[in-house]
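# Summary of the model geometry
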Amino acid sequence: MLTQFRVLGVKEKICILKGCQERRRDFAEFQTHHAKPCTVSMAGNAPSSVAPLKCSAGAQEELGTQKSVFDPHGVDPNLVRKMEYDALVWSSLHGLVVGDRASQTSGRLPGVGLVHAPISLLPMSFPESHWKQACEVAPIFNELVDRVSLDAKFLQEALSRTKKVDVFTSRLLDIHAKMIDMDKKEEIRLGLHRSDYMLDEQTNLLLQIELNTISSSFPGLSCLVSELHRSLLHQFKQHLGLDPERVPENNSVGQFAEALYKAWAEYNNPRSVVMVVVQPEERNISIRKTLAEIDAQGELLPDGTLVVDGEAIAVVYFRAGYAPTDYPSESEWSARLLIEQSCAIKCPSIAYHLAGTKKIQQELAKPNQLERFLENKDDIAKVRKCFAGLWSLDDSSIVKDAIERPGLYVMKPQREGGGNNIYGDDVRLALQRLEKEGMEEDAAYILMQRIFPTISPAILIREGVSHKDHVISELGVYAAYLRNKSKVIMNSQSGYLMRTKVSSSNEGGVAAGFAVLDSIYLNKGNGNINEKGETLHLYIISFNIDDVLDCVWKSA
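Residues numbered from 1 in each chain as written. Predicted model: local features only at pLDDT ≥ 70, side-chain atom pairs only at ≥ 80, totals over all residues. Heavy atoms only, no water.

### A few points about the side chain of serine 473
Structurally, serine 473 can be placed in strand β21 (residues 465-484). When residues no more than four places from it in sequence are discounted, the contact partners of serine 473 are Met124, Met198, Met498, Arg499, Thr500 and Asp518. (Helix = DSSP H or I, 4+ residues; strand = E, 2+ residues; numbered from the N terminus. Contact = heavy atoms within 4.5 Å.)

Here it is as structure tokens:
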């Protein structure tokens, strides 16, 4: 009996590989893989099916790993060593480096205690159609954030329950409320955003993980990784057979710098400066101040000008301020309030910051919410297409399903920076604890559909040591937005970030040590690529409990 037939490709050049490995799983695994999907209310959509976990972790690795004609694990070891050496030399010469946490002087003395950024040796295959989709929707998300930021009532009401149980979000909302009481208007608004996506293998949909409106990290390093990969593909083209032009050009740092410059110009004070707010012992080099230093050195002039250490500030870029640990004392909160009260251009303003929270992401995914902020039906459809399932914890049917099948969900707090999400059996335990305690702490979290991207082979390099592994990747698309009153000065996609991590890891932060920096190699279909640029597609046909697989590769 045919139980599953997944078609990922199209017509001709069929090659049937006989004698594929027989793969058996116990009956419990088989039931999990082929169980009837439950019907739940998908946020922002009509009732839809949320598929069960496809298989256990081990079986997922067997079935989920794409076998590409170009397999980096199959490259001659001598060639790999040569490419690794050249990649490290290139990184040193071109500034693809970060502060070395093992060095006591790193972050204190410029140019001292540096190490190459963690990287993938070669770019990751990615469908060109999904790349174009992510680029196309970036300016729409910019406009959405801007319009949400102007609806103070929506932000306060949507986060009202969260405020009661999350001290950090509560303090941000308090600053926002003070700006409302002051009738403070941000006439010049600057957003440097990054929308993160994963490509779901089962549905072939590009689904949004989150939208970052504060401290959208790695624009400086991500463009260098793209350059590195283009350089390696060009240098070793004879051996690899890959076209360096299929790695998209990435000028994220240039476009972010352009946006900051244009914002500075709109401020219209040639003696003013751009200030970067950083964490103590920041290992990214810039002209910067910590929040504590701003509190000690900053003042607000009667006309609203922010002066810090004798300098008039035109633009404040927050590289810090997104996590509770950035506010260890009242001094930091005083500095944040001082900045918000000033006429300096904030990136982000407190309203933009709140618009990027997980709870607002979940609220916008509800039916008819996008229509509140966007008029164009095509734009609404494009944004909604990116939404994964998102739910609040006051939805009892979803909570019940998440307890029964925790592997299908991710539990997210209102936090940025990586390492905060809850996965697997921990989802069940956390939800059961909240139910038992009967407190409103559930308002501090949202539930999100877990996305299962394709597993691929890769070679990862960290601190000069490489290793082969099977990985999954997350695409982040940068976007810049600048507006002065009714005039939109800049609204564009502004480069990208690809992060790759081992498939067994849940979290994905590079700085947090979970992932490496990567780039993308565009293919013209939904599968892998061979040395001729042809796209390979996998058909999986599974029969009865013996799970005999016929694997059919197609080249289109």
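### Thoughts on the sheet that holds strand β18 (residues 409-413)
Pairing is antiparallel in the open sheet, where three strands are placed in the order β17-β19-β18. Looking along the sheet, the strands with just one partner apiece sit at the ends: β17 (390-392) and β18. Within this sheet the neighbouring strands show an average axis-to-axis angle of 30°, counted without direction. Pairing of β17 with strand β19 (residues 445-449) involves three bridges; the strand directions are antiparallel. Bridge pairing in β19 links tryptophan 391 to leucine 447. Where helix α18 (residues 425-437) meets the sheet, its contacts fall on β18 and β19, and the angle it forms with β18 comes to roughly 55°. (Pairing = 2+ DSSP bridges. Axes fitted to C-alpha atoms, helices over the stretch in contact; angles between N-to-C directions.)

### Concerning helix α8 (residues 219-235)
With 17 residues, α8 should reach 24 Å at 1.5 Å per residue; the first-to-last C-alpha distance of 25 Å fits that figure. Among the residues making up α8, those that are buried are Pro219, Leu221, Ser222, Cys223, Leu224, Val225, Ser226, Leu228, His229, Arg230, Leu232 and Leu233. (Expected span 1.5 Å × (residues − 1). Buried < 20%, exposed > 50% of the residue type's maximum accessible area, 1.4 Å probe, protein only.)

### Comments concerning the packing of helix α3 (residues 77-94) against α8
Their axes nearest at 10 Å, the elements α3 and α8 cross at an angle of 140°. One finds that α3 runs oblique with respect to α8. Relative to α8, the crossing made by α3 is right-handed. The residues of α8 that touch α3, namely those facing Lys82, Met83, Asp86, Ala87, Trp90, Ser91 and His94, are Leu224, Glu227, Leu228, Ser231, Leu232 and Gln235. Broken down by class, the residue content of the contact of α3 with α8 amounts to six nonpolar, four polar and three charged. (Parallel < 35°, antiparallel > 145°, perpendicular 65-115°, else oblique. Left-handed = near helix turned anticlockwise from the far one by under 90°. Nonpolar A, V, L, I, M, F, W, Y, C, P; charged D, E, K, R; others polar.)

### Some remarks on the nonpolar core
Note on soluble globular proteins: their nonpolar side chains tend to be buried together. By size, the foremost hydrophobic cluster in this structure holds 130 residues, and its most contacted members are Leu190 and Leu240. The dominant element in this core, judged by the number of residues it contributes, is helix α4 (residues 128-150), at ten residues. Membership of the second largest hydrophobic core comes to 18 residues, among which are Leu393, Leu431, Leu434 and Ala444. (Core = buried A, V, L, I, M, F, W, Y, C linked by side-chain atoms within 4.5 Å.)

### Comments concerning the environment of alanine 355
One can find alanine 355 in helix α13 (residues 350-355). With 144 residues separating them in the primary sequence, alanine 355 and leucine 211 have C-alpha atoms 9.1 Å apart. Apart from residues lying up to four places away in sequence, alanine 355 is in contact with Val145, Val148, Leu155 and Ile360.

### A look at the pattern of salt bridges
Inspection of every chain in the model, using the stated rule, returns 33 salt bridges. Among the ionic pairs, arginine 384 bridges to glutamate 371, the shortest N-O distance being 3.3 Å. Pair noted here: arginine 384 is in helix α16 (residues 377-385) and glutamate 371 is in helix α15 (residues 370-373), with a separation of 13 residues, a long-range link. Glutamate 371 gets classed as partly exposed once you look at its relative accessible area, which sits at 37%. Through salt bridges with shared partners, one network takes in Glu143, Arg147, Glu375 and Arg483. (Salt bridge = Lys/Arg side-chain N within 4 Å of Asp/Glu carboxyl O.)

### Describing the confidence of the model for the chain
A residue-level look at the chain finds 78% of positions with pLDDT of 70 or above and a mean pLDDT of 82. Low pLDDT (under 50) marks residues 1-69, which in the prediction has 142 contacts with non-local residues, meaning those over four places away or in another chain. Within the model, the stretch residues 527-556 combines pLDDT values under 50 with 116 contacts to residues more than four positions away or in other chains. (pLDDT = per-residue confidence, 0-100.)

### Points about helix α12 (residues 330-341)
Here α12 spans 16 Å end to end across twelve residues, near enough to the 16 Å set by a 1.5 Å rise per residue. A large share of α12 lies buried, amounting to nine of its twelve residues. Listing the buried residues of α12 in full gives Ser331, Glu332, Trp333, Ala335, Arg336, Leu337, Leu338, Ile339 and Glu340.

### With respect to unusual backbone geometry
In this structure, proline 348 follows cysteine 347 across a cis peptide bond, with omega equal to 5°. Here proline 348 is to be found in the loop between β16 (345-347) and α13. With phi around 60°, asparagine 204 is a residue other than glycine that occupies positive phi space. For asparagine 204, the position within the fold is in the loop between β9 (188-200) and β10 (205-212). Here asparagine 204 falls in the partly exposed class, since its relative accessible area comes to 26%. Here asparagine 268, not a glycine, exhibits a phi torsion of approximately 65°, which is positive. Looking at the element boundaries, asparagine 268 is found in the loop between α10 (252-267) and β11 (273-278).

### Some words on the packing of helix α17 (residues 396-404) against α18
As a packed pair, α17 and α18 sit with axes 8 Å apart at the nearest point and diverge in direction by 135°. Taken together, α17 and α18 sit at an angle that is classed as oblique. Note on packing geometry: the crossing formed by α17 with α18 is left-handed. On α18, the residues touching Val399, Ala402, Ile403 and Glu404 of α17 are Val427, Arg428, Leu431, Gln432 and Glu435.

### Observations concerning the UniProt feature "binding site: Mg(2+)" (unreviewed entry) in the chain
UniProt records the feature "binding site: Mg(2+)" (unreviewed entry) for Glu210, Asn212 and Glu416 in the present numbering. Taking the farthest pair of C-alpha atoms as the criterion, the annotated set spanning 207 residues converges on one region, since that pair is 9.8 Å apart. Within the element layout of this structure, glutamate 210 appears in strand β10. Ignoring sequence-local partners within four residues, the contact set of glutamate 210 consists of Arg194, Ser195, Asp196, Lys358, Gln361 and Glu416. Tracing the backbone shows asparagine 212 in strand β10. Classification of asparagine 212 by relative accessible area gives buried; the value is 7%. Setting aside residues no more than four positions away along its own chain, asparagine 212 makes contact with Leu192, His193, Arg194, Asp196 and Glu416. (UniProt positions renumbered as here; feature names shortened; annotations may be inferred.)

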